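# Coordinates in review
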Amino acid sequence: MHPALQGLMTIVVGVGACVSYFYASNLLIDKVLFPPRGPNAGRNINRANIIRPWLFLFPAMFVLSVYLAYPVFETLRLSLTDRAQDGAFVGLDNYRQLVSEAKFWEAIRNNMLWLIVVPAMSTIFGLIVAQLTDRIKWGNIAKSIIFMPMAISFVGASVIWKLVYDARPPEAEQIGVLNAVYMYVTGNDPQQWLTIPLWNNFFLMAVLIWIQTGFAMVILSAALRGIPEETIEAAIIDGAGPFQIFFKIKIPQMMGTIMVVWTTITITVLKVFDIVYAMTNGQWETQVLANYMYDKLFRASDWGVGSAAAMVIMLLVTPILVWNVVNARREMR
């Protein structure tokens, strides 16, 4: 079947199934279970109104259960079994093996470094750009340019930056921007930047900072515009300078938004995989947890340790995600 026709049929069947479900479920409530007539009409109407929202929520809850809840429990189960023993239950042996491997601790160390650098730099750069672009006439054009990397996939961005870091023999013309500048300034031979331990992690982080700065800028720009002008005017009348207004008036009023941006980027960092996989594949001491998990699951075919690594990632992400949801609800109230 032609892909376009297949897609069209999927849309028709999907929409038709949704409409049929809602029509049939409402018919069942109103005509069979709780008919709005007779001596109990009022009570039936109230009960129907209580149940009806759950009918609308049920498809989404079912899909989330199938695609989110089930994989979590299945991954937990796999992390307690051993494929080499035909899926036999081994308890916490996979977790013991996990913490005994040097590559796991390398991944933990690198993830912690990413967690310190990427959310901080992305948020700071996004805040600076949001503040500066609101002061110039062509600010919207500048914002569009800075936001563009968000439209690029992590793999696409990795390919772009791998060319930036590219190194060729000294006698050849350099296509890597960084080496071209480095040779022009220092006169030294080109460097293989992605093979230099520790520093190569920062070169990889630059890719994610480049992408996430646009996201931070958009959210923080909206927060800046939401600050009441009265507070800024009052500060100016009291003799506050630009830096005092920014750090003592604007930042405190934006702190909730800043923390949401920070934690959202933190969750992205904990799950980062594409950039490391495409640029170094975890070599030269650049391993991260997601890449370590991939190696165990699909290269070593060790589903036990790989699933244990996935559970570690989930345990690290969950508290931040819960805090984000709670904070968002507090902001709404």
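Bear in mind that the values here come from a model prediction, so they are computed numbers and not experimental data.

## Topic: the pattern of salt bridges
On inspection of all chains with the given rule, the structure shows 7 salt bridges. Two residues, Glu-101 and Lys-296, come together in a salt bridge whose shortest N-O distance is 3.1 Å. Placement of the pair is Glu-101 in the loop between helix 3 (93-100) and helix 4 (102-133) and Lys-296 in helix 12 (residues 289-299), with a sequence separation of 195 residues. Lys-296 shares its class with Glu-101; the two are buried. Note that Asp-166 and Arg-168 form a salt bridge whose closest N and O atoms lie 3.7 Å from each other. Judged by relative accessible area, Asp-166 falls into the partly exposed class, the value being 23%.

## Structural notes on a nonpolar patch on the surface
Taken together, the side chains of Phe-58, Phe-62, Val-63, Leu-64, Val-66, Tyr-67 and Leu-68 present a nonpolar region at the surface, about 720 Å² in accessible area. With respect to the secondary-structure elements, Phe-58 resides in helix 2 (residues 41-78).

## Concerning the layout of surface pockets
Counted as a void, the largest pocket has a volume near 410 Å³. Taken together, 15 residues make up the lining of the largest pocket; nearest its centre are Val-72, Lys-271, Ala-310, Ile-313 and Met-314. Looking at the lining of the largest pocket, the elements with two or more residues in it are helix 2, helix 12 and helix 13 (303-332). With 6 residues, helix 13 is the largest single contributor of residues to the lining of the largest pocket. Considering only residue class, the lining of the largest pocket consists of 13 nonpolar, 1 polar and 1 charged. In this model, the second largest pocket occupies a volume close to 240 Å³. As for the second largest pocket, its lining consists of Gln-131, Asp-134, Arg-135, Leu-224, Arg-225, Ile-227, Glu-229, Ile-232, Gly-241, Pro-242, Ile-245 and Lys-250. For the lining of the second largest pocket, the element with the highest residue contribution is helix 10 (residues 242-270), accounting for 3 residues.

## With respect to the nonpolar core
Residues Trp-114 and Ile-275 are the most contacted members of the largest nonpolar core, which totals 61 residues. When residues of this core are assigned to their parent elements, the largest contribution, 13 residues, is made by helix 8 (residues 199-225). Apart from the residues within four sequence positions on either side, Ile-275 is in contact with Trp-114, Phe-154, Ser-158, Leu-204, Val-207 and Leu-208.

## Looking at the packing of helix 6 (residues 154-164) against helix 8
Packed helices, taken two at a time, are described by the angle their axes make and the gap between the axes. Packing of helix 6 against helix 8 leaves a shortest axis separation of 10 Å and a crossing angle of 125°. Of the possible angle classes, the one that applies to helix 6 and helix 8 is oblique. By crossing handedness, the relation of helix 6 to helix 8 is classed as right-handed. In contact with Phe-154, Ala-157, Ser-158, Ile-160 and Trp-161 of helix 6, helix 8 contributes Ala-206, Val-207, Leu-208, Trp-210, Ile-211 and Gln-212. Per-class residue counts for the contact of helix 6 with helix 8 are 9 nonpolar, 2 polar and no charged.

## Topic: the side chain of Ser-221
Its location among the elements puts Ser-221 in helix 8. Judged by its relative accessible area of 5%, Ser-221 falls in the buried class. A polar contact is formed between the side chain of Ser-221 and the side chain of Lys-143, at a distance of 2.6 Å. Leaving out residues up to four positions away in the same chain, Ser-221 has contacts with Ala-130, Asp-134 and Lys-143.

## Brief notes about helix 2
An ideal rise of 1.5 Å per residue puts 56 Å on 38 residues; helix 2 measures up with 51 Å between its terminal C-alpha atoms. At Leu-57, helix 2 shows its strongest bend, of approximately 40°, with the proline Pro-59 following within four residues. When we look at burial in helix 2, the residues that qualify are Ala-41, Asn-44, Ala-48, Arg-52, Leu-55 and Leu-78.

What counts, and at which threshold
- Residues numbered from 1 in each chain as written.
- Predicted model: local features only at pLDDT ≥ 70, side-chain atom pairs only at ≥ 80, totals over all residues.
- Heavy atoms only, no water.
- Salt bridge = Lys/Arg side-chain N within 4 Å of Asp/Glu carboxyl O.
- Helix = DSSP H or I, 4+ residues; strand = E, 2+ residues; numbered from the N terminus.
- Buried < 20%, exposed > 50% of the residue type's maximum accessible area, 1.4 Å probe, protein only.
- Patch = residues over 30% accessible without salt bridge, like charges linked within 9 Å, V, L, I, M, F, W, Y side chains within 5 Å.
- Areas by Shrake-Rupley, 256 points an atom, 1.4 Å probe, with all protein chains shown as cover.
- 1 Å grid on protein atoms, 1.4 Å probe; cavity = no way out; pocket = protein on both sides within 12 Å on 5 of 7 lines; lining within 4 Å.
- Points joined across faces, edges and corners; volume = space filled by probe spheres on them.
- Nonpolar A, V, L, I, M, F, W, Y, C, P; charged D, E, K, R; others polar.
- Core = buried A, V, L, I, M, F, W, Y, C linked by side-chain atoms within 4.5 Å.
- Contact = heavy atoms within 4.5 Å.
- Axes fitted to C-alpha atoms, helices over the stretch in contact; angles between N-to-C directions.
- Parallel < 35°, antiparallel > 145°, perpendicular 65-115°, else oblique.
- Left-handed = near helix turned anticlockwise from the far one by under 90°.
- Polar contact = N/O pair within 3.5 Å; in protein donor to acceptor, adjacent residues only side chain to side chain.
- Expected span 1.5 Å × (residues − 1).
- Bend = angle between axes of the 7 residues up to and from the residue.

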